[in-house]
Amino acid sequence: MIQLITPSSYGEFSDTLVEMHRLRHRVFRLRMAWEVQTSGDMEIDDFDALHPHYLIQVAENGRVQGSVRLLPTLGPTMLRDTFPALLEGNPAPSTPLVWESSRFAIDVAADAPKGDHAITRAAYELFAGMVEFGLSRHLIDIVTVTDVRMERILRRAGWPLRRIGNAFRIGSTLAVAGYLAISNEILANLRKAGGLSTPVLWTPVIFAAA
């Protein structure tokens, strides 16, 4: 299940948000050794203060296993304000039709259920949740900064990244920026590959026409 947490529901899901920040600490600070801002056992940065939307992947036992942060590109974004070198002189998106995703994190057991191409079902649920979110808001793309490893996973999953520029080394990470298309076709492909028979978002949404 994917919980969509909006700024107006932060209070209702405060415990879930704490677990999300702990998940991000485990993934980005401990596992990937990124130089990220931390507070105790939680990873929190300046973009979390901008009232983003969060998609949280929750296991049947209630454990938070994955998350992604979503911000409109009309305001500050990581691509424009933190990693402008990845634009290679191209303009950063600034339109209600494109939102930015960041802090995509998955932490599941080695024997967790998998879909096609050995990608975890939890990841497929988050991918599908991102597309469902995009369709509900009539988006055409989600822009993101990621690494080449995740770029390969997205390609295998059937959601290829359209690069803005070449990969660029940032610290220990070979980073890349690009667009992920939002469409009913992409959603159908992700659902099929992940073995998902129904919508994944916990909050009801109204889908845009193809």
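Keep in mind that this is a model prediction, so the values were computed, not measured. (Residues numbered from 1 in each chain as written. Predicted model: local features only at pLDDT ≥ 70, side-chain atom pairs only at ≥ 80, totals over all residues. Heavy atoms only, no water.)

**Student:** Which parts of the structure should I look at to understand the pattern of salt bridges?
**Tutor:** Applying the stated criterion across every chain, the model contains 15 salt bridges. Note that arginine 31 and aspartate 107 form a salt bridge whose closest N and O atoms lie 2.9 Å from each other. With arginine 31 in helix H1 (residues 14–31) and aspartate 107 in the loop between strand S6 (98–106) and helix H3 (121–136), this residue pair connects regions lying 76 residues apart in the sequence. In this structure, arginine 121 engages glutamate 125 in a salt bridge whose closest nitrogen and oxygen atoms are separated by 4.0 Å. One end of the pair, arginine 121, and the other, glutamate 125, are both in helix H3, 4 residues apart, so they sit about a helical turn from each other. (Salt bridge = Lys/Arg side-chain N within 4 Å of Asp/Glu carboxyl O. Helix = DSSP H or I, 4+ residues; strand = E, 2+ residues; numbered from the N terminus.)

**Student:** It is not clear to me how the side chain of arginine 69 should be interpreted in this structure. Could you clarify?
**Tutor:** Locating arginine 69 in the fold gives a position in strand S5 (residues 64–72). Owing to a relative accessible area of 1%, arginine 69 belongs among the buried residues under this scheme. One polar contact links arginine 69 to aspartate 48, side chain to side chain, over a distance of 3.1 Å. (Buried < 20%, exposed > 50% of the residue type's maximum accessible area, 1.4 Å probe, protein only. Polar contact = N/O pair within 3.5 Å; in protein donor to acceptor, adjacent residues only side chain to side chain.)

**Student:** Would you mind showing me how to read the pairing of strand S10 (residues 173–181) here?
**Tutor:** As a general feature of sheets, a regular strand has side chains that alternate between the two faces. Extensive coverage of S10 is indicated by the burial of 7 of its 9 residues. The sheet contact formed by strand S7 (residues 141–147) and S10 spans 7 bridges and is antiparallel. Looking at S10, one finds that aspartate 147 is bridged to alanine 175. As judged from the 3 bridges shared by strand S9 (residues 168–170) and S10, these two strands associate in the antiparallel manner. Residue pairing for S10: arginine 169 is matched across the bridge by leucine 174. (Pairing = 2+ DSSP bridges.)

**Student:** So what exactly am I meant to see when it comes to a positive patch on the surface here?
**Tutor:** A cluster of like positive charges, contributed by Arg149, Arg152, Arg155 and Arg156, occupies part of the molecular surface. Take arginine 149: it is sitting in helix H4 (residues 148–157). Judged by its relative accessible area of 41%, arginine 149 falls in the partly exposed class. (Patch = residues over 30% accessible without salt bridge, like charges linked within 9 Å, V, L, I, M, F, W, Y side chains within 5 Å. Areas by Shrake-Rupley, 256 points an atom, 1.4 Å probe, with all protein chains shown as cover. Lys, Arg positive; Asp, Glu negative; His and termini not counted. Charge placed at Lys NZ, Arg CZ, Asp CG, Glu CD.)

**Student:** Just checking my understanding: could you explain the packing of aromatic side chains for this structure?
**Tutor:** The geometry of two aromatic rings is summed up by the distance between their centres and the angle between their planes. All chains considered together, the criterion is met by 5 aromatic pairs. Aromatic pair tryptophan 99 and phenylalanine 133: ring centres 5.2 Å apart, planes at 70°, arrangement edge-to-face. Of this pair, tryptophan 99 sits in strand S6 while phenylalanine 133 sits in helix H3, and the two are 34 residues apart along the sequence. Grouping residues by exposure puts tryptophan 99 and phenylalanine 133 together as buried. Each residue in the set Phe104, Tyr124, Phe127 and Trp159 is aromatic and connected to the rest through ring pairs, giving one cluster. Over the face of the ring belonging to phenylalanine 28 we find arginine 103, whose NZ or CZ atom lies 5.5 Å from the ring centre. (Phe/Tyr/Trp six-rings, centres within 6.5 Å; stacked < 30°, edge-to-face > 60°. Lys NZ or Arg CZ within 6 Å of the ring centre and 35° of its normal.)

**Student:** Can you walk me through unusual backbone geometry in this structure?
**Tutor:** The phi angle at glutamate 88 is positive, at roughly 50°, despite the residue not being glycine. For glutamate 88, the position within the fold is in the loop between helix H2 (78–81) and S6. Glutamate 88 sits in the partly exposed class, given a relative accessible area of 44%.

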